[in-house]
Amino acid sequence: MKRTNTAKWIESAGRWQINVQKDGVRKTFTCAKPGRTGQREANAKADAWLEKGLCNRKMKVVDAWAEYYARVQLTTSMSNWRPVDGRWRTWIQPNIGGRRLESLTEQQVQAIIDDAYAKGRSKKTLKNIAGDLTAFFRFCRRAGYSTKEFEIRIPEGARLKEKTILQPRDFTKLMNTDTTVYFRKNTPDPFIHFYRLAVLTGLRPGELLGLRREDIEGGVIRVRRAINVYGEETRGKNENAVRSVPLSELAQREMVAQLKMPIGSEYIFGQAQERTIRKRWAAYCKANGLPDCTLYELRHTFVSIAQNLPEGQLRRLVGHSKSMDTYGVYAHEFGEQRGVQRLDELFSSIG
């Protein structure tokens, strides 16, 4: 089979790229070399696959990554593939981008993680980089570019980033103060019910933004979608994200109050963007003397309050898999919450 097209230079990616198809299978071949030499090499890769069905086992990491990343963009949302690209540019490409796949050693791959650890990156960041590498090399094996598997180790000294959560007196203040300072004036905060529901339900910011009126049924939230930081509607972070979350009496009160707001949108919180709410939350904290706690850390606050609930129940509430260490990652010290096992009891016992 002969190709009928030629590689084109992709300025934004800095590489030659050609897409070809055979027997219903579509492949992308790339080369980062500038000039006609790079174009010829990309075309040659395509020709080899079309004519012989052979994969280039001498491919460089940078070229294989271009194909892998194209698949990631095709199958995931922007909130996933943008961070993947950032980790590639910061950690993976500088270390092994110019090397051939067949020449890689386990130590060269492990050095990527070790370098990030030495520069003080958190355990979560190291796991994300390791996850990128594992998925990339799996792609390379399936594509026939490499047969290698690497055991990637997270250094024992790696620690999760320290989290800040609200304490009982902070929680009480949040539940009783609905004003903020905006343009040097004391004014009602338009997102007060968003902050409170984040603490009272443990929903992710994007899940709250994705809520519609039909998702609230008989004191239960049906989490069906999320709005990511780029404004895209998605099915949520993972397969466990679609779930039912019962509302405590406090949460029901806040939800009713939000539903009475003149939003004029199918979404309960309108067309607000997460970055906007983040800024307003930071201003609210400063105006009311709350700790420097992020929007996502309100979810950590919920888990810390609810950590005495049965483990399986808590995981279902926050949309975690059975393998996720919900308590270890999310639960932090929060006053005294012993012997209570219902959400209403938990929240009514605070303060």
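Residues numbered from 1 in each chain as written. Predicted model: local features only at pLDDT ≥ 70, side-chain atom pairs only at ≥ 80, totals over all residues. Heavy atoms only, no water.

**What about the overall build of the protein chain?**
Across its full length, the protein chain carries 14 helices and 10 strands. When each of the 351 residues of the protein chain is scored for burial, the buried share is 44%. Long-range contacts, defined here as pairs at least 24 residues apart, represent 63% of the contacts in the protein chain between residues at least 6 apart. Accessible surface, the protein chain as shown: approximately 18700 Å² in total, 47% of it carbon and sulfur. (Helix = DSSP H or I, 4+ residues; strand = E, 2+ residues; numbered from the N terminus. Buried < 20%, exposed > 50% of the residue type's maximum accessible area, 1.4 Å probe, protein only. Contact = heavy atoms within 4.5 Å. Areas by Shrake-Rupley, 256 points an atom, 1.4 Å probe, with all protein chains shown as cover.)

**Observations concerning helix α10 (residues 274-288)**
Across its 15 residues, α10 extends 21 Å between first and last C-alpha, which sits within 8% of the 21 Å expected from 1.5 Å per residue. Burial in α10 covers these residues: E274, I277, R280, W281, Y284, C285 and N288. What you see down the axis of α10 is that its buried residues fit within an arc of 145 degrees, all on one side. Exposed side of α10, more than 90 degrees from the buried face: K279 and K286 are the residues found there. Looking at the buried residues of α10, the elements they touch are α6 (168-176), β4 (179-182), α7 (192-201), α8 (205-209), β8 (226-227) and α11 (295-305). Note on α10: the residue one or two positions beyond its end, G289, has a positive phi of about 70 degrees. (Expected span 1.5 Å × (residues − 1). Arc of directions from axis to C-beta.)

**Observations concerning the pattern of salt bridges**
As enumerated under the stated definition, the model contains 14 salt bridges in all. Measuring nitrogen to oxygen at the nearest pair gives 2.9 Å for the salt bridge that ties D85 to R89. Pair noted here: D85 and R89 are both in helix α3 (residues 78-96), with a separation of 4 residues, about one helical turn. Between R224 and E217 there is a salt bridge whose closest N-O contact spans 3.4 Å. For R224, a relative accessible area of 31% corresponds to the partly exposed category. What makes E217 partly exposed here is its relative accessible area of 33%. If you follow the salt bridges from partner to partner, you end up with D215, E217, R222, R224 and R225 in one network. (Salt bridge = Lys/Arg side-chain N within 4 Å of Asp/Glu carboxyl O.)

**Examining the nonpolar core**
Across soluble globular proteins, nonpolar side chains show a tendency to be buried alongside one another. Within the largest apolar cluster, 43 residues are counted, with the highest numbers of intra-cluster contacts made by L101, L133, F136, F137 and Y145. It is helix α5 (residues 123-143) that contributes the most residues to this core, 9 residues altogether. In this structure, F136 is in contact with V61, A64, W65, Y68 and L101, ignoring residues within four places of it in sequence. Ranked by size, the runner-up nonpolar core spans 36 residues in total, among them F194, L208, L247 and L295. (Core = buried A, V, L, I, M, F, W, Y, C linked by side-chain atoms within 4.5 Å.)

**Concerning the packing of aromatic side chains**
On inspection of all chains with the given rule, the structure shows 14 aromatic pairs. The interplanar angle of 55 degrees and the centroid separation of 5.8 Å between the aromatic rings of Y68 and F139 together place this pair among those described as tilted. With Y68 in helix α2 (residues 61-75) and F139 in helix α5, this residue pair connects regions lying 71 residues apart in the sequence. Three or more aromatic residues link up through ring pairs in this structure, and these residues are W65, Y68, W88, F136, F137, F139 and F150. The ring of Y182 has R280 lying over it, and the distance from NZ or CZ to the ring centre is 3.8 Å. (Phe/Tyr/Trp six-rings, centres within 6.5 Å; stacked < 30°, edge-to-face > 60°. Lys NZ or Arg CZ within 6 Å of the ring centre and 35° of its normal.)

**Focus: the pairing of strand β10 (residues 243-246)**
Here β10 shows a buried face lined by R243 and V245 and an unburied face lined by S244 and P246. Sheet topology places strand β7 (residues 220-223) next to β10; 4 bridges connect them, and they run antiparallel. Bridging from a neighbouring strand, V223 pairs with R243 of β10. (Pairing = 2+ DSSP bridges.)

**Side note on the sheet that holds strand β2 (residues 15-22)**
Taken in spatial order, the 3 strands make up an open sheet running β1-β2-β3, and their pairing is antiparallel. The open sheet terminates on both sides in strands that have one partner only, identified here as β1 (8-10) and β3 (25-31). Within this sheet the neighbouring strands show an average axis-to-axis angle of 35 degrees, counted without direction. Across 7 bridges, β2 lies against β3 in antiparallel orientation. (Axes fitted to C-alpha atoms, helices over the stretch in contact; angles between N-to-C directions.)

**Thoughts on the sheet that holds strand β6 (residues 216-217)**
One open sheet accounts for 3 strands, arranged β6-β7-β10; its pairing is antiparallel. Either end of the sheet is taken by a strand with one partner, and the two such strands are β6 and β10.

**Thoughts on the confidence of the model for the protein chain**
The predicted model of the protein chain has a mean per-residue pLDDT of 84, with 83% of residues at 70 or higher. Here residues 320-341 is modelled with pLDDT under 50, and outside its nearest four sequence neighbours on either side it reaches 65 contacts, counting other chains as well. (pLDDT = per-residue confidence, 0-100.)

**Focus on the packing of α7 against α10**
Direction vectors running N to C along α7 and α10 enclose 90 degrees, while the axes themselves pass 10 Å from each other. Relative to α10, the element α7 lies roughly perpendicular. Between α7 and α10, the contacting residues are I192, F194 and Y195 on the first element and I277, R280, W281 and Y284 on the second. (Parallel < 35°, antiparallel > 145°, perpendicular 65-115°, else oblique.)

**Focus on the packing of α2 against α5**
Put simply, α2 and α5 touch, their axes get as near as 10 Å, and they point 100 degrees apart. Relative to α5, the element α2 is oriented roughly perpendicular. Where α2 abuts α5, its residues V61, A64, W65, E67, Y68 and R71 lie against D132, A135, F136, F139 and C140. When grouped by side-chain class, the residues that make up the contact of α2 with α5 number 8 nonpolar, no polar and 3 charged. (Nonpolar A, V, L, I, M, F, W, Y, C, P; charged D, E, K, R; others polar.)

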